Structure formats: C-alpha cells, structure tokens
Amino acid sequence: QVQLVESGGGLVQAGGSLRLACAASGRTISRYGMGWFRQAPGKERLFVAGITWNGGRVYYADFVKGRFTISRDNDKNTVYLQLNSLNAEDTAVYYCAVRFSDPYSNYDLPRGRSAYDYWGQGTQVTVSS
C-alpha cells in the first residue's frame with residue numbers, strides 16, 4: 001500500500017503561482033503513471049494533469065494548458081504540479097493519485113478517476129481575485 005501526501009497549497013492572489021508536491025511513501029511510484037485532479041466546492045473531481053512513469057509523456061486538461069506544469073522526481077518518490085497565472089476558477093482542493101496498472105507504460109494516461117488506485121487527502125488552493 002502507498003500513502004500519498006500533498007503539500008504546497010495556500011492562498012494566493014490572482015496571477016500568482018504555487019508549487020504543489022505529492023510525496024509517496026510505503027511503496028515506490030517510480031514505475032507508475034501519476035495524476036493530479038482538483039475538486040471545487042459542489043463540483044465533481046476533474047483531471048488536471050498526468051505524467052507517465054519516467055516523465056516521457058505529460059497530459060493536461062484544456063483549462064490549464066500553458067499555465068500548469070507537471071513533473072516528477074523518481075529518486076524522491078515525488079510528483080509536482082507548478083501552477084502559474086492562477087485565477088479564481090482554479091480555487092479547489094488538489095489531489096494526486098497513482099495508477100498501478102501498466103507499469104513502465106508510456107501509453108496515454110486515462111483521465112477518469114476510476115483508473116487511479118490510491119489518492120492523497122488533498123491540498124487546498126485558494127485564489128483571491
């Protein structure tokens with residue numbers, strides 16, 4: 001079993017930046033695809049970004065393309081999400097998740113929640129306008 005802990009959230013003004021981290025323990029995530037999702041109050045949890053096991057392929061939701069960057073450091077068992085040019089619509093709890101299917105795969109990562117096996121508890125990002 002793996003534990004995922006997100007950090008780096010907080011309150012930021014519109015136009016600002018944050019860097020989220022997702023640290024894994026209990027099991028290596030270095031062989032597996034990872035995703036970031038977010039959930040705003042009263043709304044469903046949405047895919048934000050994904051990265052394959054070695055960072056060879058990355059994926060973004062259209063609403064964050066060009067503003068957010070996903071990366072990983074497998075030596076540290078950690079995945080990151082750099083958030084730039086934030087706006088009020090980015091306010092949400094951000095979650096990371098690991099997909100244990102298809103280790104070492106560079107095929108497209110799924111964007112549905114059900115494709116991911118373990119989740120962190122989330123970190124709150126609040127953007128003031």
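Residues numbered from 1 in each chain as written. Predicted model: local features only at pLDDT ≥ 70, side-chain atom pairs only at ≥ 80, totals over all residues. Heavy atoms only, no water.

Thoughts on the packing of aromatic side chains
Within a pair of aromatic rings, the relevant descriptors are the distance that separates the centres and the angle that separates the planes. Selection rule: Stacked, tilted and edge-to-face are the three classes assigned to paired rings of Phe, Tyr and Trp, where Trp is represented by its six-membered ring and a pair needs centres within 6.5 Å; plane angles under 30 degrees give stacked, over 60 edge-to-face, the rest tilted. Numbering goes from the N terminus for both helices and strands, where a helix is a DSSP run of H or I of at least four residues and a strand is a run of E of at least two. Only protein chains enter the area calculation, which uses a 1.4 Å probe; residues under 20% of their type maximum are buried, those over 50% are exposed, and those in between are partly exposed.
Evaluated as defined, the whole model comprises seven aromatic pairs. Between Phe 37 and Tyr 116, the aromatic rings sit 5.3 Å apart at their centres with planes inclined by 75°, giving edge-to-face as the arrangement. Linking Phe 37 in strand β4 (residues 33–39) with Tyr 116 in the loop between β9 (92–99) and β10 (118–119), this pair joins segments that are 79 residues apart in sequence. A single burial state applies to Phe 37 and to Tyr 116, both of which are buried. Plain terms: the ring middles of Trp 53 and Tyr 104 are 4.9 Å apart, the flat faces sit at 85° to each other, and that makes the pair edge-to-face. Of this pair, Trp 53 sits in the loop between β5 (45–51) and β6 (58–60) while Tyr 104 sits in the loop between β9 and β10, and the two are 51 residues apart along the sequence. Given a relative accessible area of 48%, Tyr 104 falls into the partly exposed group. Grouping aromatic residues by their ring pairs yields a cluster made of Phe 37, Phe 47, Tyr 116 and Trp 119.

Describing the sheet that holds strand β3 (residues 18–25)
Cut-off, in case you're wondering: We call two strands paired when DSSP finds no fewer than two bridges between them. Each axis is a line fitted through C-alpha atoms, and for a helix only the stretch in contact is used; angles between axes span 0 to 180 degrees, taken between their N-to-C directions.
Reading across from one edge, β1-β3-β8-β7 is the order of the four strands in this open sheet, with antiparallel pairing throughout. The open sheet has two edge strands, β1 (3–7) and β7 (68–73), and neither has a second partner. Mean inter-strand twist for the sheet, computed between neighbouring axes without regard to direction, equals 15°. Bridge count for β7 against strand β8 (residues 78–83) is six bridges, and the pairing is antiparallel. Residue Asp 73 lies in a different strand from β8, and its bridge partner there is Thr 78.

Quick notes on the pairing of β1
The two faces of β1 differ: Leu 4 and Glu 6 on one face are buried, but Gln 3, Val 5 and Ser 7 on the other face are not. With five bridges joining them, β1 and β3 adopt antiparallel strand pairing. In the sheet register, Gln 3 faces β3, and the bridge partner there is Ser 25.

Concerning the pattern of salt bridges
Put simply, the rule reads: When a carboxyl oxygen of Asp or Glu is within 4 Å of a side-chain nitrogen of Lys or Arg, the pair counts as a salt bridge.
By the definition in use, this model includes five salt bridges. Between Asp 90 and Arg 38 there is a salt bridge whose closest N-O contact spans 2.8 Å. A residue pair is termed long-range when its members are at least 10 positions apart, and Asp 90 in the loop between β8 and β9 and Arg 38 in strand β4 qualify at 52 residues. When its relative accessible area of 10% is taken as the criterion, Arg 38 is described as buried. Note that Arg 99 is salt-bridged to Asp 102, the shortest N-O span being 3.0 Å. Take Asp 102: its relative accessible area is 46%, and that puts it in the partly exposed class. Counted as one network, the salt bridges with shared partners bring together Arg 38, Arg 67 and Asp 90.

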